[in-house]
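Letter by letter, the chains look like this.
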Amino acid sequence: MTGAHGYSEYTTRLQALTTDVASGRPVQHDHLLASVDGEASEQLRQLVPLDYRRRVGAFFTPAPLKQRVSEMLKSGARSDRYLDPACGSGDLLLAASHALPIQESLEETLEDWTDRLHGWDINSEFVEAARLRLLIAALLRHGYENQSGWPISNASAYFTNISIRDGLEALRDQGAFVGHIVLNPPFSVISSPLSRAWTTRPTSAAALFTYQAAHHLADGSRLTAILPDVLRSGSRYSTWRTQVNKILSRSSLDTYGQFDEHADVDVFLLDAQVSRRERLEDSGEWWKTVGSVAAGSRSVNDFFSVRVGTVVDNRDPLDGPEFPFARARDLPPSGEISTPTRRRNFSRRVFEPPFVLVRRTSRPSTAQQQSRLSGVLVTGEAPVAVDNHLIVASPRDGSVKSCRALLKVLSSKSTSEWLDNRIRCRHLTVGAVREIPWPNT
Ligand SMILES: C[S@@+](CC[C@H](N)C(=O)[O-])C[C@H]1O[C@@H](n2cnc3c(N)ncnc32)[C@H](O)[C@@H]1O
């Protein structure tokens, strides 16, 4: 029994729905439609505790994202076999089924889809739901009103390639898959020896699934994935990106925004083809899509030395001389201050004003919010100890004038747009601030 056992209440209802169709009992069309759409996620939230959902990263693909994936699968080279190695209740396999034709009869379609649709999940309840939902999708495509008398007892003979398995182990152990892997993997952070190629530390399960999926696919096969933005823009995944670049040739990479109203994490859509390269080559950073800095143009790094503040307040001992101490929560949202009033003893690196402080937490822009970033200029005389939730930009020419110019650059619309493309996760990196384009004057 898993932490998802409550979900069997929903699979029992799906089962009853298919039995009703087969025995010619009246069913509501809307009810059938809901069962292959958002209902499975809604039921997940109601029947499976949040801490378990978080632990195994169970967040099913919402309808608008499923629609995007469905369009991607229908464009470009079509596959005739699909695999979702962390299939949940089958939303991406349902998207894949839209790209498949139906046959003369329901039986023939079910046999055909059984050969073509493959999936694994560690939760038996989700696997059961995925199979039943695909059966309902086939019933809907054939016109369920004409299917009474269909032998429902045969249902277990179909979708047998969707089974209870650990997807990471199966990707590692099974022979190469020829076809199309669709992926919305768990985003939880886990420890695994399979991440050795880029880290020895705990890492995103999404990075592991993508890496294993790329290795598992035969040359020429395709991968379409919904992934957390940190894999695209976070500096700790730069080696991972280089490793993946050796196997995958990207066809498109679209930033999407927040996964859905229940999961506050920004995602992007990756569409790629497997093409193993003989020699090490780098097909470029993943965030260099639109609005990147043209070669030779100037950036913040040309005018400022950018670093993270050096004080870890709850860990660093209160020794050394006393300094004014800048913390994010004491600062105004933007503007200028002379010297922070809070003080603290500190024995390591402090910063000489003038400099600009930028908060490290930064959400992607929204329609209501004018600009994503703002800085606070510190103009006083005394050196300042700076908390590590702040980024410090010290002007290379030591002037307040340059700092004021930076405040303008940070709050400009073009910087917000550039930054939304460069990094959508909530923690700004020093690298991203250094690369902010500096306007030509
Ligand atoms: C983010 S959900 C996505 C489900 C489905 N792909 C979709 O798009 O709706 C991730 C799924 O991965 C499953 N999962 C977590 N760890 C797994 C593993 N090691 N192997 C297979 N499935 C796993 C969870 O049970 C959950 O159903």
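So, how was this worked out
- One numbering rule holds for all chains: residues counted from 1, following each sequence as written.
- Selection of residues for local features in this predicted model requires a pLDDT of at least 70, selection of side-chain atom pairs for listing and counting requires 80 or more, and totals for whole chains, interfaces and linings are taken over all residues.
- Here the side-chain values reflect all heavy atoms present in the structure, with hydrogen atoms and water set aside.
- Under the scheme applied here, a residue whose accessible area is under 20% of the maximum for its type counts as buried, over 50% as exposed, and between as partly exposed, the area being computed with a 1.4 Å probe on protein chains only.
- Only DSSP runs of H or I with at least four residues qualify as helices, and only runs of E with at least two residues qualify as strands; both kinds are numbered from the N terminus onward.
- Between any two strands, pairing holds if DSSP finds at least two bridges.
- Helix axes use the C-alpha atoms of the stretch in contact, all axes being lines fitted to C-alpha atoms, and the angles between their N-to-C directions lie in the range 0 to 180 degrees.
- Any angle from 65 to 115 degrees is called roughly perpendicular, while one under 35 is roughly parallel, one over 145 is roughly antiparallel, and all others are oblique.
- Handedness of a crossing is defined here by the sense of rotation of the near helix relative to the far one, left-handed for an anticlockwise turn of less than a right angle and right-handed for a clockwise turn.
- Two residues qualify as a contact provided that any one of their heavy atoms is within 4.5 Å of a heavy atom in the partner residue.
- Here the term charged refers only to Asp, Glu, Lys and Arg, the term nonpolar to Ala, Val, Leu, Ile, Met, Phe, Trp, Tyr, Cys and Pro, and the term polar to all other amino acids, Gly among them.
- Patch building starts from residues that exceed 30% relative accessible area and form no salt bridge, then joins like charges within 9 Å and nonpolar side chains (Val, Leu, Ile, Met, Phe, Trp, Tyr) within 5 Å.
- Residue-level accessible areas treat just the shown protein chains as cover; the underlying method is Shrake-Rupley with a 1.4 Å probe.
- The rule for a salt bridge is simple: a side-chain nitrogen of Lys or Arg has to be within 4 Å of a carboxyl oxygen of Asp or Glu.
- Counted charges follow a simple rule, with Lys and Arg positive, Asp and Glu negative, and His plus the chain ends left uncounted.
- Lys charges are placed at NZ, Arg charges at CZ, Asp charges at CG and Glu charges at CD.
- Stacked, edge-to-face and tilted are the three classes for Phe, Tyr and Trp ring pairs, Trp counted by its six-membered ring, which pair at centre distances within 6.5 Å; planes under 30 degrees apart are stacked, over 60 edge-to-face, the rest tilted.
- Geometrically, a lysine NZ or arginine CZ counts as sitting over a ring once it is within 6 Å of the ring centre and also within 35 degrees of the ring normal.
- Note that the domain bounds were set by an automatic or database domain assignment.
- By buried area we mean the combined loss of accessible area, with a 1.4 Å probe, across both parts when two parts are placed together.
- Polar contacts here mean pairs of N or O atoms no more than 3.5 Å apart (in protein, one a potential hydrogen donor and the other a potential acceptor; neighbouring residues in sequence count only if both atoms are side-chain atoms).

1. Quick word on the pairing of strand β4 (residues 180-183)
Judged by which residues are buried, β4 turns out to be covered on both faces: His-180 and Val-182 on one side and Ile-181 and Leu-183 on the other are all buried. Across two bridges, the pairing between strand β1 (residues 82-84) and β4 is parallel. When the sheet's bridge partners are listed, Tyr-82 is paired in β4 with His-180. The pairing of β4 with strand β7 (residues 222-228) spans four bridges and is classified as parallel. Within β7, the residue paired with Leu-183 across the bridge is Ala-225.

2. Things to note about the packing of helix α6 (residues 91-98) against helix α8 (residues 124-142)
At a minimum axis separation of 10 Å, α6 and α8 run at an interaxial angle of 25°. Relative to α8, α6 is oriented roughly parallel. In this structure, α6 meets α8 at a crossing whose hand is right-handed. Taking contact as the criterion, the partners of Asp-91, Leu-93, Leu-94, Ser-97 and His-98 in α6 are, on α8, Arg-133, Leu-134, Ala-137 and Arg-141. Taken together, the residues of the contact of α6 with α8 sort by class into four nonpolar, two polar and three charged.

3. Thoughts on a positive patch on the surface
Among the surface-exposed residues, Arg-307, Arg-349, Arg-396 and Arg-434 lie close enough to one another that they form a single positively charged patch. By the secondary structure assignment, Arg-307 is in strand β10 (residues 304-308).

4. Quick word on the pattern of salt bridges
When charged atoms on two side chains of opposite charge get close, those side chains can pair. With the rule as written, the count across this model stands at 18 salt bridges. The partner of Asp-316 in a salt bridge is Arg-315, with the nearest N and O atoms 3.8 Å apart. Asp-316 sits in the buried class, given a relative accessible area of 11%. Assessed through its relative accessible area of 58%, Arg-315 is described here as exposed. Connected through salt bridges with shared partners, the residues Lys-66, Asp-91 and Arg-133 form a single ionic network.

5. Some points on the packing of aromatic side chains
Counted according to the given criterion, the structure contains nine aromatic pairs. On the numbers, 6.3 Å between centres and 75° between planes, the contact of Tyr-7 with Phe-60 is edge-to-face. Of this pair, Tyr-7 sits in the segment before α1 (8-22) while Phe-60 sits in the loop between α4 (50-56) and α5 (63-74), and the two are 53 residues apart along the sequence. Overall, Tyr-7 belongs to the buried group, its relative accessible area being 0%. Here the aromatic residues Tyr-7, Tyr-10, Phe-60 and Phe-126 are joined through ring pairs into a cluster of three or more. In this structure, Arg-165 packs its charged tip against the face of Trp-120, placed 6.0 Å from the ring centre. Of note, Arg-344 hangs over the ring of Phe-325, and the distance from its end group to the ring centre comes to 5.7 Å.

6. A word on unusual backbone geometry
Of note, the amide linkage connecting Pro-353 to Pro-354 takes the cis form, showing an omega dihedral of 0°. Within the secondary structure, Pro-354 is located in the loop between β13 (343-345) and β14 (355-359). The phi dihedral of Phe-159 falls on the positive side, at around 55°, and the residue is not glycine. Here Phe-159 is to be found in the loop between α8 and β3 (162-164).

7. Quick look at the domain arrangement of the protein
Domain annotation of the protein identifies domain 1 (5-274) and domain 2 (300-435). The distance between the C-alpha centroids of domain 1 and domain 2 comes to 42 Å. Each partner contributes residues to the interface: domain 1 has 11 residues there, and domain 2 has 10 residues. Of the roughly 730 Å² buried between domain 1 and domain 2, counting both surfaces, carbon and sulfur atoms make up 37%. Counting the surface domain 1 buries against domain 2, the share from its top three residues, Arg-232, Ser-233 and Asp-266, is 49%. Put simply, domain 1 and domain 2 have zero salt bridges between them. On inspection of domain 1 and its partner domain 2, the count reaches zero residue pairs in polar contact (both at pLDDT 80 or more). Those elements giving two or more residues to the side of domain 1 that touches domain 2 turn out to be α11 (229-233), β8 (248-260) and β9 (263-274). Ranked by residue count, the leading element in the side of domain 1 that touches domain 2 is α11, at four residues.

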